[in-house]
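# Inside the fold
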Amino acid sequence: MAEFIKVDALGDACPLPVVKAKKAISELQGAGQVEVLVDNEIAVQNLTKMAQQKGYQYSAEKLEERKYRVLFTLGEVVSAPAEDASVCTPDARTDTVVAIASATMGEGSEELGKTLLKAFVFALTQQDKLPKTILFYNGGAALWRTMGRSDISLKVSLLMNGINVAGNAILIFGFGMDVAGVAIPTLVSRTVAAAVILGMLFNDKLTLHLSNVRAFRLDMRLMKNIFYIGVPSGVENGMFQLGRLVLFSLISTFGTASMVANAIGNTIANFNCFAGQAINLGLAAVVSQCVGAGEFDQARAYMKKIVKWTYGIMAVVNLTIIALLPLIMRVYNVSPEAEKLAVTVSLIHGISSIFLWIPAFTIPSFLRAAGDAQFTMFASMTTMWLVRVLLA
């Protein structure tokens, strides 16, 4: 009699349904069936993709709202097993490099994003062959958050900001220092935070920890891949900051009111864009995983969905800031002329951000995540000098 195993993956984030299904299949003694219950279509797609690539017979049906059934039948192989490259399951090849760019995966709910990232890291540990390298951007804090210890990065952040604030007060008011009184505590506080985070990660009792630092070696192939994307991106950001410097030099010739208005406008502009910037961090992680698995259609689908959500979120954020501009201006004790200019600049930037920020920054982030950093570099440099600087 054929064996039958039932797997309840309702409520499980991707890629846990695939991981549980693979484990149940491995437990079958010969021919048999594995039934997997899930609550979303993405999980169904991942499970059926795995069945196709492994050569399993399968069927999928919707039982009710947010409840799906995928049935695997083993014993008859349709084709030779292939490597599993399902959308959310890590690539299991030995030369795989996994990049984790943020503390969450995807956009929207932060709690869901953290759950997805934890599930992804768990899936990494369930692979038959572990990845060759794991890269963490903002690595120390990301490692702690990935292990579910967000309190560590929070406490270190509080320590860093405490050192920064106290250092500013002591050097500026106590020693009468100017710009250096701001710069020195900033450097010291960030250095201390990095040292504390890295020092704590050498605890070998942690699930993810640092060890055998002397064994680190320079991998030129890996470095080449990193530089292929990193150098164009760095040049692009450098040109952007250089353009800002040129424009600020031009604005300084217009008088104090214009300089003050520009400074206020830049501060408010950070709030205009922070939602989109946060989404871009998640976009890079999601798209790079899809592209790495060869799922280009899935990457495009995520891109379309993320763009729609980003337009809506950017509209809500910027319209709220525009409505609050009269209250925001009360925080600044500036002349009526500077306030009028600041409001005008903020209105122009806020309205433009709703429509233009996404094509200018989200689409390039998608291209960089897919490995095309050169086009975005040339496009950014061209528009910077021909439009932003020349027209100004």
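Let us look at the structure shown here. (Residues numbered from 1 in each chain as written. Predicted model: local features only at pLDDT ≥ 70, side-chain atom pairs only at ≥ 80, totals over all residues. Heavy atoms only, no water.)

### Some words on the overall build of the protein
- When its secondary structure is counted, the protein shows 12 helices and 6 strands.
- Sorting the 392 residues of the protein into buried and exposed places 38% on the buried side.
- In the protein, 72% of the contacts between residues at least 6 apart in sequence involve partners at least 24 apart.
- For the protein, the computed accessible surface area is about 22600 Å², with 63% contributed by carbon and sulfur atoms. (Helix = DSSP H or I, 4+ residues; strand = E, 2+ residues; numbered from the N terminus. Buried < 20%, exposed > 50% of the residue type's maximum accessible area, 1.4 Å probe, protein only. Contact = heavy atoms within 4.5 Å. Areas by Shrake-Rupley, 256 points an atom, 1.4 Å probe, with all protein chains shown as cover.)

### Things to note about the sheet that holds strand β3 (residues 57–64)
- With mixed pairing, the 4 strands of this open sheet are ordered in space as β1-β2-β4-β3. The open sheet terminates on both sides in strands that have one partner only, identified here as β1 (3–8) and β3. The average undirected angle you get between the axes of adjacent strands in this sheet is 15°.
- Of the strand pairs in this sheet, strand β2 (residues 32–38) and strand β4 (residues 67–74) are connected by 7 bridges, and their pairing is antiparallel. Residue V34 lies in a different strand from β4, and its bridge partner there is F72.
- Together, β1, β2 and β4 form the strand contacts of helix α1 (residues 16–27), whose direction differs from that of β1 by roughly 160°. (Pairing = 2+ DSSP bridges. Axes fitted to C-alpha atoms, helices over the stretch in contact; angles between N-to-C directions.)

### Considering the pattern of salt bridges
- On inspection of all chains with the given rule, the structure shows 6 salt bridges.
- Among the salt bridges present, the one from E65 reaches K62, with a minimum N-O distance of 3.7 Å.
- For E65, a relative accessible area of 60% gives the class exposed.
- It is possible to trace a salt-bridge network through shared partners that takes in K6, E35, E61 and R69. (Salt bridge = Lys/Arg side-chain N within 4 Å of Asp/Glu carboxyl O.)

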